[in-house]
Amino acid sequence: YCKLLEQAARDLRNEPRRATGSALALEIGVIGHIPRAYIPSDARRLEAYRRLATAATLDELSKFREDLTGAYGAPPRPAQRLVDLAELRVALAGLGVDSAVIRERDVIFRTRTPKPVADLLSAPAGPAAGVPIRSQPARRPGSAESAGAMGASVRTLAPPEPGQPAEIFFRPPPQGLEPDTLLAVLRRRFVPSVPAAPASQPAPAPSAQPRKDTPAE
């Protein structure tokens, strides 16, 4: 809804529409929201959602995170997830990904530029991963399978027809499919400057009370 309003306003001003990550289908079992207790004002909370929905770059989302924390204090976990998801969407959209969806044990990425996506998925996550890389042979013509990190496998299926997107199957180990863990794993691969924190590291404690009810701008 917020994105439609923003696009309508740009159309009225004869301004070009901005490409954002909000159109990307990201279904990895993680949801987030901004609790009313964190931003009591309905208008301010809607404005925060609008900024998230219309952000087109990671710099814009970094500024949003900074403004949010400055206005209301450290975001609680549901709000943190929402910003993390927005960053992942923007990063994936910048790589030409149309969707990233869990299907059984795989996360399937559909993209017309599969090589950079597969390369990032196959890259080691750092010493905190703690699980050896597993390599498997390609299973059939038209596919390429490589070693991933954390014991994951990465398999690329060629497009069924020219001009259609390829599919990349990313299969993490079973513990990597836990929603918050999967979100952290994908952000470490696709969002710049995300540290490879140990999996056992506790999540930041939510802020008990907002400091003030001022706009996050």
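Quick note: structure is the one above.
In this text, all values refer to a predicted model and were calculated from it rather than measured experimentally.

**Observations regarding the overall build of the chain**
Consideration 1: For the chain, the helix and strand inventory stands at 6 helices and 6 strands.
Consideration 2: Order of helices (α) and strands (β) in the chain, N terminus to C terminus: α-β-α-α-α-β-β-α-β-β-β-α.
Consideration 3: Looking at the chain as a whole, 40% of its 217 residues qualify as buried.
Consideration 4: Within the chain, contacts between residues at least 6 apart in sequence are counted, and of these 62% link residues at least 24 apart.

**Points about the packing of helix α3 (residues 58-72) against helix α4 (residues 77-94)**
Any two packed helices are characterised by the angle at which their axes cross and by the distance between the axes.
Consideration 1: Running from amino to carboxyl end, α3 crosses α4 at an angle of 170 degrees, the nearest separation of the two axes being 9 Å. The orientation of α3 relative to α4 falls into the category roughly antiparallel. For the crossing formed where α3 meets α4, the hand is left-handed. Taken together, the residues of α4 that come into contact with α3 (itself represented by Leu-58, Leu-61, Phe-64 and Arg-65) are Gln-80, Val-83, Asp-84, Ala-86, Glu-87 and Val-90.
Consideration 2: Class assignment for the residues of the contact of α3 with α4 results in 6 nonpolar, 1 polar and 3 charged.

**Quick notes on the pattern of salt bridges**
Consideration 1: Applying the stated criterion across every chain, the model contains 15 salt bridges.
Consideration 2: Close ionic contact of Asp-84 with Arg-65 constitutes a salt bridge, the shortest N to O distance being 3.2 Å. You can see Asp-84 sitting in helix α4 and its partner Arg-65 sitting in helix α3, a full 19 residues away along the chain.
Consideration 3: Across the pair Asp-98 and Arg-112 runs a salt bridge, and its minimum N-O distance is 3.0 Å. Of the two residues, Asp-98 sits in strand β2 (residues 97-103) while Arg-112 sits in the loop between β3 (106-111) and α5 (114-122), which places them 14 residues apart along the sequence.
Consideration 4: Taking the relative accessible area as the measure of exposure, Asp-98 reaches 34% and is therefore partly exposed.
Consideration 5: Arg-112 sits in the exposed class, given a relative accessible area of 51%.
Consideration 6: A single network of salt bridges, built from pairs that share partners, joins Arg-65, Asp-84, Glu-87 and Arg-187.

**Side note on the packing of aromatic side chains**
Consideration 1: Scanning the model with the defined rule gives 2 aromatic pairs in all.
Consideration 2: With a centroid separation of 5.8 Å and 50 degrees between ring planes, the pair formed by Phe-109 and Phe-190 is classed as tilted. In this pair, Phe-109 is assigned in strand β3 and Phe-190 in helix α6 (residues 179-190), connecting sequence segments 81 residues apart.
Consideration 3: In this structure Phe-109 comes out as buried when scored by relative accessible area, which is 0%.
Consideration 4: One residue, Arg-155, lies across the ring of Phe-169, its end atom 4.9 Å from the ring centre.

**Describing unusual backbone geometry**
Consideration 1: With a phi angle near 55 degrees, Glu-104 is a residue other than glycine that sits in the positive phi range.
Consideration 2: Overall, Glu-104 belongs to the exposed group, its relative accessible area being 76%.

**Some remarks on helix α2 (residues 42-54)**
Consideration 1: Helix length check: α2 (13 residues) gives 18 Å between terminal C-alpha atoms against 18 Å at 1.5 Å per residue, within 8%.
Consideration 2: Every buried residue of α2 is listed here: Arg-45, Ala-48, Arg-51, Leu-52, Ala-53 and Thr-54.
Consideration 3: Between the side-chain oxygen of the N-cap and the backbone nitrogen of Ala-43 there are 3.4 Å, and the N-cap of α2 in question is Ser-41.

**Concerning the side chain of Gln-80**
Consideration 1: Locating Gln-80 in the fold gives a position in helix α4.
Consideration 2: On the basis of relative accessible area, Gln-80 is assigned to the buried category, the value being 16%.
Consideration 3: Reaching out from Gln-80, the side chain makes a polar contact with the side chain of Arg-65 at a distance of 3.5 Å.
Consideration 4: Contact partners of Gln-80, with chain neighbours within four places excluded, come to Arg-65 and Pro-75.

What counts, and where the lines are drawn
Residues numbered from 1 in each chain as written. Predicted model: local features only at pLDDT ≥ 70, side-chain atom pairs only at ≥ 80, totals over all residues. Heavy atoms only, no water. Helix = DSSP H or I, 4+ residues; strand = E, 2+ residues; numbered from the N terminus. Buried < 20%, exposed > 50% of the residue type's maximum accessible area, 1.4 Å probe, protein only. Contact = heavy atoms within 4.5 Å. Axes fitted to C-alpha atoms, helices over the stretch in contact; angles between N-to-C directions. Parallel < 35°, antiparallel > 145°, perpendicular 65-115°, else oblique. Left-handed = near helix turned anticlockwise from the far one by under 90°. Nonpolar A, V, L, I, M, F, W, Y, C, P; charged D, E, K, R; others polar. Salt bridge = Lys/Arg side-chain N within 4 Å of Asp/Glu carboxyl O. Phe/Tyr/Trp six-rings, centres within 6.5 Å; stacked < 30°, edge-to-face > 60°. Lys NZ or Arg CZ within 6 Å of the ring centre and 35° of its normal. Expected span 1.5 Å × (residues − 1). Polar contact = N/O pair within 3.5 Å; in protein donor to acceptor, adjacent residues only side chain to side chain.

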